[in-house]
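# Examining the three-dimensional arrangement
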Amino acid sequence: MTTNHLAPIHVAILGIGTVGSGVFNVLLRNQEEILRRAGRSIVVTCVADLDVARAQTLVGEGVKVVNDARAVISDPEIDIVVELIGGYTLTKDLVPGATDASKHLVTANKALFAAPGPPRDLRQQGKSVQQEYPETADEAFVASGNCRFDTAAVQQLLERCR
């Protein structure tokens, strides 16, 4: 029996350190399960990191690696931006830039949302994109061999992208 699947969701990861590489590996390891359960795959097509050589070693040749996160945000092929850089200085411009470019956004950046002023909740600015912010650090991806893959959460995100 042939199953018709929707086009894959193209994801970019900003920052491929400990957490970013953990997220990348969880998505890679669970591609078949995501497709089976959600009817749509998630493909990490681009990674932004200042250390391009190290990042390319981590993600392999099939993933584009750049050192400019702004270029990733402006890429029309990217559907979801996963911000894992951390801190406030760089991300304070990247996160609103992602939603301005109509990208769905996933971040666990507590510093960014604890800071006074924007970007608190970009939905208040009339954005029609989905934002996911964990309430606690436990809800964020944890990069370890014990990463829990939450297919229900992935399926919800895919539904929102349709």
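In case you missed it, the structure is sitting above this.
This write-up is about the structure you can find in this document. (Residues numbered from 1 in each chain as written. Predicted model: local features only at pLDDT ≥ 70, side-chain atom pairs only at ≥ 80, totals over all residues. Heavy atoms only, no water.)

### Considering the nonpolar core
By size, the foremost hydrophobic cluster in this structure holds 19 residues, and its most contacted members are V11, I13, F24, V44, V47, V59 and V82. Of all the elements in the fold, those that place two or more residues in this core are β1 (9-14), α1 (18-29), β2 (42-48), α3 (52-59) and β4 (80-83). Not counting residues within four places of it along the chain, the set of residues in contact with V82 comprises V11, A12, I13, L14 and V106. Judged by nonpolar contacts, the second largest core, of 15 residues, contains C46, V72, L94 and L105. (Core = buried A, V, L, I, M, F, W, Y, C linked by side-chain atoms within 4.5 Å. Buried < 20%, exposed > 50% of the residue type's maximum accessible area, 1.4 Å probe, protein only. Helix = DSSP H or I, 4+ residues; strand = E, 2+ residues; numbered from the N terminus. Contact = heavy atoms within 4.5 Å.)

### Observations regarding the pattern of salt bridges
One pass over the full model with this rule turns up 4 salt bridges. The salt bridge partner of E33 is R37, with a shortest N-O separation of 2.4 Å. Placement of both E33 and R37 in helix α2 (residues 31-38) is noted, with a separation of 4 residues, approximately one turn of the helix. E33 gets classed as partly exposed once you look at its relative accessible area, which sits at 23%. Here R54 ties to D51 by a salt bridge, and the two come within 3.8 Å at their closest N and O atoms. (Salt bridge = Lys/Arg side-chain N within 4 Å of Asp/Glu carboxyl O.)

### Thoughts on unusual backbone geometry
Positive phi values are uncommon outside glycine, yet S102 reaches one of about 60 degrees. With respect to the element layout, S102 can be found in the loop between α5 (91-100) and β5 (104-107). S102 gets classed as exposed once you look at its relative accessible area, which sits at 53%.

### Comments concerning the pairing of β4
Both faces of β4 are covered, namely the face carrying I80 and V82 and the face carrying V81 and E83. Sheet analysis places β1 next to β4, joined by 4 bridges and oriented parallel. Looking at the pairing, A12 lines up with V81 of β4. Relative to β5, β4 runs parallel, the two sharing 4 bridges. (Pairing = 2+ DSSP bridges.)

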